[in-house]
Amino acid sequence: GALNAHYQVISTTSPQQALVLAEQYTPDIVLLDIDMPEINGFDLCRLLQKIPALLSTSFVFITSHNDAEIEVKALELGAVDFIAKPIHTNVCLMRIKNQMVIRQQAESVKEALNQTHAEKTHLQTILRSIGDGVVATDINKKITFINPVAQRLTGFLASEAIGNAITDILKLNYSSNTSTALAPLDIAMAQKRVITMSLDVELCSRSGKQYQI
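What comes next is a walk through the structure. Residue indices follow the written sequence of each chain, beginning from 1 at its first position. Local features are withheld for residues below a pLDDT of 70 in this predicted model, meaning they are given only at 70 or higher, and side-chain atom pairs are given and counted only at 80 or more; totals for whole chains, interfaces and linings count all residues. The side-chain numbers reported here are obtained from all heavy atoms of the structure, hydrogens and water having been left aside.

## Notes on the overall build of the chain
At step 1: Only DSSP runs of H or I with at least four residues qualify as helices, and only runs of E with at least two residues qualify as strands; both kinds are numbered from the N terminus onward. Helix and strand content of the chain: eight helices and eight strands.
At step 2: Atoms counted for the radius of gyration: C-alpha only. Globule rule: 2.2 Å times residue count to the power 0.38. For 213 residues, the compact-globule estimate of 2.2 N^0.38 gives 17 Å, and the chain exceeds it by more than 25% at 30 Å.
At step 3: C-alpha atoms of the chain, sized along the principal axes, occupy 90 × 35 × 30 Å.
At step 4: Accessible area is worked out with a 1.4 Å probe on protein chains only. A residue is then buried under 20% of its type maximum, exposed over 50%, and partly exposed in between. Considering the chain as a whole, with its 213 residues, one finds that 30% of them fall into the buried category.
At step 5: For every accessible area listed, the method is Shrake-Rupley and the probe measures 1.4 Å; residues are considered covered only by the protein chains on display. Total accessible area on the chain is roughly 14000 Å²; 55% of this is exposed by carbon and sulfur atoms.
At step 6: Positive charges come from Lys and Arg, negative ones from Asp and Glu, while His and the chain ends are left out of the count. Think of each charge as sitting on NZ of Lys, CZ of Arg, CG of Asp or CD of Glu. Computed over 18 positive and 21 negative side-chain charges, the inter-centroid distance for the chain is 9 Å.

Structure below.
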């Protein structure tokens, strides 16, 4: 009764009906009494977990037992909490509320990760499609991304470039005297600012071909 005021509650005393209702409603949380006449809560939990739609459902066991072995068995089945009999209304409500909050937080994190992945995929699609060469590194200046244009200009495939130091792949020289140019990434990281390249800097490809930057 207390739960009905806050959540949609579907209840039954029949294990077979529980399986039908669970598949129909895909509940966020399932409360199972360990002691039932037809089938115990553990066995019913196993049957419920075989339903694909209940893959993310949380299981809470109602029990009068005060036995560590019982709790271990329930935890091994994936129980997230226990409610002791005789049931205290406020305690029961609070435990279910806590589980719902946990589920909502998990869903928020999942949604944020999905959005981040979608944005990253979109960004990489753009970087692979533009006409400029793009190379990205981690904080240790190891290449983490190199788009098709940069692969063509350097002569290195992504599989060859990724994980290597950017200075080993992106070889820059001054066109006026063929001496090695200062690595722009070194300057940018040291000064913590966006920098521009000197006009007389050239990229020397793997094959020795020079490209003005």
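## Observations concerning the pairing of strand β5 (residues 143–146)
At step 1: Of the strand pairs in this sheet, strand β4 (residues 135–137) and β5 are connected by three bridges, and their pairing is antiparallel. The residue of β5 that forms the bridge with A136 is F145. If DSSP finds at least two bridges between two strands, the strands pair.

## As for the pattern of salt bridges
At step 1: Here, a salt bridge means any Lys or Arg side-chain nitrogen found within 4 Å of an Asp or Glu carboxyl oxygen. For the coordinates displayed, the defined rule picks out six salt bridges.
At step 2: Here E160 ties to R206 by a salt bridge, and the two come within 3.0 Å at their closest N and O atoms. Pair noted here: E160 is in helix α6 (residues 158–161) and R206 is in the loop between β7 (201–204) and β8 (210–212), with a separation of 46 residues, a long-range link.
At step 3: On the accessibility criterion, E160 (31% relative accessible area) is partly exposed.
At step 4: Given the relative accessible area of 48%, R206 is considered partly exposed.

## Some remarks on the sheet that holds strand β2 (residues 58–63)
At step 1: Strand order in the open sheet formed by three strands is β1-β2-β3, with parallel pairing between adjacent strands. Lying at the two open borders of the sheet, with one neighbouring strand each, are β1 (29–33) and β3 (79–84). If you compare each strand with its neighbour and ignore which way they point, the axes differ by 25 degrees on average.
At step 2: Bridge analysis of β2 against β3 gives five bridges, and the strand direction is parallel. In the sheet register, V60 faces β3, and the bridge partner there is D81.
At step 3: Seen against the sheet, helix α3 (residues 68–76) touches β2 and β3 and runs at an angle of roughly 145 degrees to β3.
At step 4: Sheet contacts for helix α4 (residues 89–129): β1, β2 and β3; angle to β3, the most-contacted strand, approximately 170 degrees. Fitting a line to C-alpha atoms yields each axis, with helices limited to the stretch in contact; the angle taken between N-to-C directions then spans 0 to 180 degrees. Here, two residues are considered to be in contact whenever any of their heavy atoms come within 4.5 Å of each other.

## Remarks on the packing of aromatic side chains
At step 1: Note on aromatic contacts: the rings of Phe and Tyr and the six-membered ring of Trp form a pair at centre separations within 6.5 Å, being stacked when their planes are under 30 degrees apart, edge-to-face when over 60 apart, and tilted otherwise. According to the stated counting rule, one finds one aromatic pair in the structure shown.
At step 2: Look at F42 and F61: their rings are 5.5 Å apart centre to centre, the planes differ by 55 degrees, and that puts the pair in the tilted class. Of the two residues, F42 sits in helix α2 (residues 41–49) while F61 sits in strand β2, which places them 19 residues apart along the sequence.

## What to know about the side chain of R103
At step 1: Mapping R103 onto the fold places it in helix α4.
At step 2: The class of R103 is buried, set by a relative accessible area of 14%.
At step 3: Any pair of nitrogen or oxygen atoms within 3.5 Å is treated as a polar contact; in protein, a donor-acceptor pairing is required on top of that, and neighbouring residues in sequence qualify only through side-chain atoms on both sides. Only 3.2 Å separates the side chain of R103 from the side chain of S58, close enough to count as a polar contact.
At step 4: Dropping the residues within four chain positions of it, R103 is found in contact with D28, I29, S56, T57 and S58.

## Considerations on the nonpolar core
At step 1: As used in this record, nonpolar core signifies buried Ala, Val, Leu, Ile, Met, Phe, Trp, Tyr and Cys residues forming a set joined through side-chain atoms within 4.5 Å. L32, F42, L48 and F61 are the most contacted members of the largest nonpolar core, which has 19 residues in total.
At step 2: At the level of elements, α1 (15–25), β1, α2, β2, α3 and β3 are the ones that each hand at least two residues to this core.
At step 3: Setting aside its immediate chain neighbours within four residues, L32 contacts G41, L44, C45, L48, F59, V60, F61 and I62.
At step 4: I29, V60, C92 and L93 belong to the second largest nonpolar core, which has nine residues in total.

## Things to note about the sheet that holds β8
At step 1: Sheet architecture is open: three strands sit in the order β6-β7-β8, paired in antiparallel fashion. Two strands close off the open sheet at either side, each with one partner strand: β6 (171–174) and β8. On average, adjacent strands in this sheet sit at an angle of 40 degrees to one another, irrespective of strand direction.
At step 2: As judged from the four bridges shared by β6 and β7, these two strands associate in the antiparallel manner. In the sheet register, N173 faces β7, and the bridge partner there is E202.

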